Amino acid sequence: MNEPNNKKDHILKTAEELFATKGYEAATVRDIADAAGVNLAMISYYFGSKEKLMESLFHERMEASRMKVESLLNDKTMHPFQKVEVILDDYIKKVIHKQSFYKILLCEQVMKKNPVVIKLIRELKLSYAAMFTQLIKEGQKKKIFKKNIDVVLALTTMTGTVTQMIVNKDYYIEFNEHKKLSEPEINTMLIEKLSSHLKNIFKKILGYEE
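Here the structure is a predicted model, which is why all the values come from computation and not from measurement. (Residues numbered from 1 in each chain as written. Predicted model: local features only at pLDDT ≥ 70, side-chain atom pairs only at ≥ 80, totals over all residues. Heavy atoms only, no water.)

A. Examining unusual backbone geometry more closely. Here Lys 112, not a glycine, exhibits a phi torsion of approximately 55°, which is positive. As for its position among the elements, Lys 112 is in the loop between helix H6 (99-111) and helix H7 (115-141). A positive phi angle, close to 55°, is found at Glu 177, a residue other than glycine. Within the fold, Glu 177 resides in the loop between helix H9 (169-175) and helix H10 (183-206). (Helix = DSSP H or I, 4+ residues; strand = E, 2+ residues; numbered from the N terminus.)

Dropping the structure here:
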């Protein structure tokens, strides 16, 4: 990756952390510039404004997710439920390892102050649901999945479960007496727990039997 893109990515990552910790409204362009070690002109050059910077962040993160699922669907070598498992594991790992972004995502969906970001989120959700529907139909055609599956409800089960685990992580750790674990150990544990939990749930949702 060349230097200009490295600078741009560095600014995006810095803004992501500040938006997650301070909130979008509270984090100023000056805050982002200072934290990233760049001048204001550079942020203006790459993004134009704080609003455009936020839009760029969402577009980059969400487009990568869409392309990965699209590639998975085109894989003719995998069993339909294996694809479901990959989707679940990939989403869990993304949320665990990019908690700052998903905190922003949750906040933006609740606040609904940036119409461009809300439009991006809606478009991704619709695209994701359409691709997941394609996968479900593949499984139904092979008589692996049951009929009449509510795709949006199934995806909401995935996103809601993982999001709530992140929101309630401290409570989960305290209740299960995992305070002695390091942050990487906690993340590994959460990935394993969520993966097993959601795969069992999706077997029931899809009517899949091994």
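B. Focus on the packing of aromatic side chains. For the structure on display, the rule yields nine aromatic pairs. Clustering of aromatic rings is evident, with ring pairs tying together Phe 58, Tyr 91, Phe 101 and Tyr 102. Positioned above the aromatic ring of Tyr 24, the side-chain terminus of Lys 50 is 4.4 Å from the ring centre. (Phe/Tyr/Trp six-rings, centres within 6.5 Å; stacked < 30°, edge-to-face > 60°. Lys NZ or Arg CZ within 6 Å of the ring centre and 35° of its normal.)

C. Local environment of the confidence of the model for the chain. For the chain, per-residue confidence averages 91 on the pLDDT scale, and 98% of positions sit at 70 or higher. Averaged pLDDT values for the elements of the chain fall to 86 in helix H4 (residues 50-73) and rise to 96 in H10. (pLDDT = per-residue confidence, 0-100.)

D. Region of the structure containing helix H8 (residues 151-167). When the terminal C-alpha atoms of H8 are compared, their 24 Å separation across 17 residues agrees well with the 24 Å that a helix rising 1.5 Å per residue should span. Listing the buried residues of H8 in full gives Val 151, Ala 154, Leu 155, Met 158, Val 162, Thr 163, Met 165 and Ile 166. Within H8, the buried residues cover an arc of 165° as seen down the axis, which keeps them to one side. Opposite its buried face, H8 presents the exposed residues Val 152 and Leu 153, each directed more than 90 degrees away. Turning to H8, the residues buried within the fold contact helix H5 (80-97), H6, H7, H9 and H10. (Expected span 1.5 Å × (residues − 1). Buried < 20%, exposed > 50% of the residue type's maximum accessible area, 1.4 Å probe, protein only. Arc of directions from axis to C-beta. Contact = heavy atoms within 4.5 Å.)

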